[in-house]
Amino acid sequence: QVQLVESGGGLVQDGGSLRLSCAASGRTFSSYSMGWFRQASGKEREFVAAISRSGDSTDYAASVKGRFTISRDNAKNTVYLQMNSLKPEDTAVYYCAASVFYRVSSSGLYNYWGQGTQVTVSS
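Since the structure is predicted, the reported quantities are computational estimates derived from the model, not experimental observations. (Residues numbered from 1 in each chain as written. Predicted model: local features only at pLDDT ≥ 70, side-chain atom pairs only at ≥ 80, totals over all residues. Heavy atoms only, no water.)

Trainee: Talk me through the sheet that holds strand E1 (residues 3-7); I want residue IDs and the actual numbers.
Mentor: Strand order in the open sheet formed by four strands is E1-E3-E8-E7, with antiparallel pairing between adjacent strands. Each edge of the sheet is formed by a strand with only one pairing partner; in this case those strands are E1 and strand E7 (68-73). Within the sheet, the average angular offset between the axes of one strand and its neighbour, ignoring direction, is 15 degrees. Pairing of E1 with strand E3 (residues 18-25), which is carried by five bridges, proceeds in the antiparallel orientation. Residue pairing in the sheet places valine 5 in a bridge with alanine 23 of E3. (Pairing = 2+ DSSP bridges. Helix = DSSP H or I, 4+ residues; strand = E, 2+ residues; numbered from the N terminus. Axes fitted to C-alpha atoms, helices over the stretch in contact; angles between N-to-C directions.)

Have a look at this one:
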């Protein structure tokens, strides 16, 4: 029902910033809450941030709160993750996901996933 494509990843220095974008195809983008997850090499996928359908409610993992900001533009079918003060421990593949549930943090409750974009933070 929706296809997701992440972009904006890359290599950045410790303390730098990146903005990830997730472009959705289809006509039902506003029907989904959206989330960002990440998976570091050898580790399980973990929750990063989530945003409600209208964008009026957000949730963040404790490890990124105050540094990352999730936002969405339903008119452009796009969700963003602004990442500031990046640390080497933020290095991971970042995935965009869509859920029919309300602003959820559990990966099992997301219905659609992008292919991911690599973020590497050098020390």
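Trainee: Tell me what's going on with the packing of aromatic side chains, and back it up with residues and numbers.
Mentor: Tallying each qualifying case throughout the model produces five aromatic pairs. With a centroid separation of 5.1 Å and 55 degrees between ring planes, the pair formed by phenylalanine 37 and tryptophan 113 is classed as tilted. One end of the pair, phenylalanine 37, is in strand E4 (residues 33-39); the other, tryptophan 113, is in strand E10 (residues 112-113), and 76 residues separate them in sequence. Given a relative accessible area of 1%, phenylalanine 37 falls into the buried group. Under the relative-accessibility criterion, tryptophan 113 is labelled partly exposed at 27%. Three or more aromatic residues joined by ring pairs make a cluster, and in this case those are Phe37, Phe47, Tyr110 and Trp113. A cation over a ring is seen here: arginine 45 above tryptophan 113, with NZ or CZ 4.7 Å from the ring centre. In this structure, arginine 72 is placed above the aromatic ring of phenylalanine 29, and the distance from its NZ or CZ to the ring centre is 4.5 Å. (Phe/Tyr/Trp six-rings, centres within 6.5 Å; stacked < 30°, edge-to-face > 60°. Buried < 20%, exposed > 50% of the residue type's maximum accessible area, 1.4 Å probe, protein only. Lys NZ or Arg CZ within 6 Å of the ring centre and 35° of its normal.)

Trainee: Pulling in residues and values, what's your account of unusual backbone geometry?
Mentor: Here asparagine 77, not a glycine, exhibits a phi torsion of approximately 55 degrees, which is positive. Within the element layout of this structure, asparagine 77 appears in the loop between E7 and strand E8 (78-83). A positive phi angle is found at serine 85, which is not glycine, with a value near 50 degrees. Within the secondary structure, serine 85 sits in the loop between E8 and strand E9 (92-99).

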